[in-house]
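The chain contents come next:
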Amino acid sequence: MKTFFVWVTFFVLYIHYSEQLQNLLNTDLHTCIKCLCHARTGCYRRTNCADYSINETYWRRAGYPTLPGDNPNSGQSYRNCMRDENCIVNTIVGYTNNFNNLDCNCDGVYDCRDMLKLHLYGEQCGDKVDDDRVRRFNNCASQNRLASMSSNELCRVAAQ
Ligand SMILES: *[C@@H]1O[C@H](CO)[C@@H](O)[C@H](O)[C@H]1NC(C)=O
């Protein structure tokens, strides 16, 4: 009986962990993250983007998206996630979702441009995005039917 409960507990936890990861591959969010990452690193590889811009704190704030079978409490799960395309996309989407669809540029919509600023600067949305990043974002955006941005899409900072 005891073994049975241990097994059930393990199974429930396993299902719970597995469900954390949504399949975002080939969705609009995936496209957005490709452009966001390209803007951030100038590189089209998400693993590179993760190396440069996602630390373990960021990953935890994203809700520690975890590959099936991995334990979210272990640092190894963070490293495993950072080698997986879908897990990286889940991490960036999860992190930027922390800010309640904050409309960083006050244009009335929450979209990829807001997510880029949240990824780079967190809830303060940052000041200007530097020109190289804007240029790279727009190159990618124009190839992927995303709205382009300007470097000074300012509006406000989040309530402090
Ligand atoms: C980790 O990422 C968070 C969120 O982007 C950032 O606030 C923090 O400064 C970073 N920590 C280190 C040690 O780089």
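All of these numbers come straight from a predicted model, not from anything done at the bench.

Regarding its fold elements, the protein presents eight helices and zero strands. Element order for the protein, N to C, with α for helix and β for strand: α-α-α-α-α-α-α-α. The buried share of the protein, taken over its 160 residues, is 46%. A separation of at least 24 residues holds for 59% of the contacts in the protein among residues at least 6 apart in sequence.

Let's shift gears to the layout of surface pockets. The calculated volume of the largest pocket comes to roughly 170 Å³. Of all the secondary structure elements, the ones that give two or more residues to the lining of the largest pocket are α2 (28–41) and α7 (112–121). Broken down by element, the residue count for the lining of the largest pocket peaks at four residues, all from α2. The residue makeup of the lining of the largest pocket, split by class, is five nonpolar, two polar and three charged.

Before going further, it helps to examine the pattern of salt bridges. Scanning all chains against the criterion turns up seven salt bridges. One salt bridge connects R113 with D107, and the closest N-O pair in it is separated by 2.8 Å. Note that R133 is salt-bridged to D130, the shortest N-O span being 3.7 Å.

Peptide bonds are trans in most cases, and residues, glycine excluded, mostly fall at negative phi. Unusually for a residue other than glycine, N101 sits at a positive phi of about 50 degrees. Checked against the element boundaries, N101 lands in the loop between α6 (85–96) and α7.

With their axes 8 Å apart at the nearest point, α2 and helix α8 (residues 131–143) run at an angle of 150 degrees to one another. As judged from the angle between their axes, α2 and α8 are roughly antiparallel. The handedness of the crossing between α2 and α8 is right-handed. From α2, K34, C35, L36, H38, A39, R40 and T41 reach across to α8, where they touch R133, R136, F137, C140 and A141. Looking at the contact of α2 with α8 residue by residue, the class counts come to six nonpolar, two polar and four charged.

To continue, consider the confidence of the model for the protein. For residues with low pLDDT, the predicted coordinates do not support detailed interpretation. Scored by pLDDT, the protein has a mean of 88; 85% of the residues are at 70 or more. Averaged pLDDT values over the elements of the protein bottom out at 57 in helix α1 (residues 2–20) and peak at 98 in α6.

Glancing now at the state of the cysteines. The final tally for this structure, using the stated rule, is five disulfides. In this model C35 forms its disulfide with C140; the gap between the sulfur atoms is 2.1 Å. One disulfide, between C35 and C140, carries an S-S torsion of -75 degrees and so falls in the left-handed class. A residue pair is termed long-range when its members are at least 10 positions apart, and C35 in helix α2 and C140 in helix α8 qualify at 105 residues. Take C140: its relative accessible area is 1%, and that puts it in the buried class. Each sulfur in the disulfide pair C37 and C49 lies 2.2 Å from the other. Between C37 and C49 the sulfur-sulfur dihedral comes to about -75 degrees; the bridge is accordingly left-handed. With a gap of 12 residues between them, C37 in helix α2 and C49 in helix α3 (residues 46–53) connect regions that are remote in the sequence. Relative accessible area serves as the criterion here: at 0%, C49 is assigned to the buried category.

Calculation criteria
- Residues numbered from 1 in each chain as written.
- Predicted model: local features only at pLDDT ≥ 70, side-chain atom pairs only at ≥ 80, totals over all residues.
- Heavy atoms only, no water.
- Helix = DSSP H or I, 4+ residues; strand = E, 2+ residues; numbered from the N terminus.
- Buried < 20%, exposed > 50% of the residue type's maximum accessible area, 1.4 Å probe, protein only.
- Contact = heavy atoms within 4.5 Å.
- 1 Å grid on protein atoms, 1.4 Å probe; cavity = no way out; pocket = protein on both sides within 12 Å on 5 of 7 lines; lining within 4 Å.
- Points joined across faces, edges and corners; volume = space filled by probe spheres on them.
- Nonpolar A, V, L, I, M, F, W, Y, C, P; charged D, E, K, R; others polar.
- Salt bridge = Lys/Arg side-chain N within 4 Å of Asp/Glu carboxyl O.
- Axes fitted to C-alpha atoms, helices over the stretch in contact; angles between N-to-C directions.
- Parallel < 35°, antiparallel > 145°, perpendicular 65-115°, else oblique.
- Left-handed = near helix turned anticlockwise from the far one by under 90°.
- pLDDT = per-residue confidence, 0-100.
- Disulfide = S-S within 2.5 Å.

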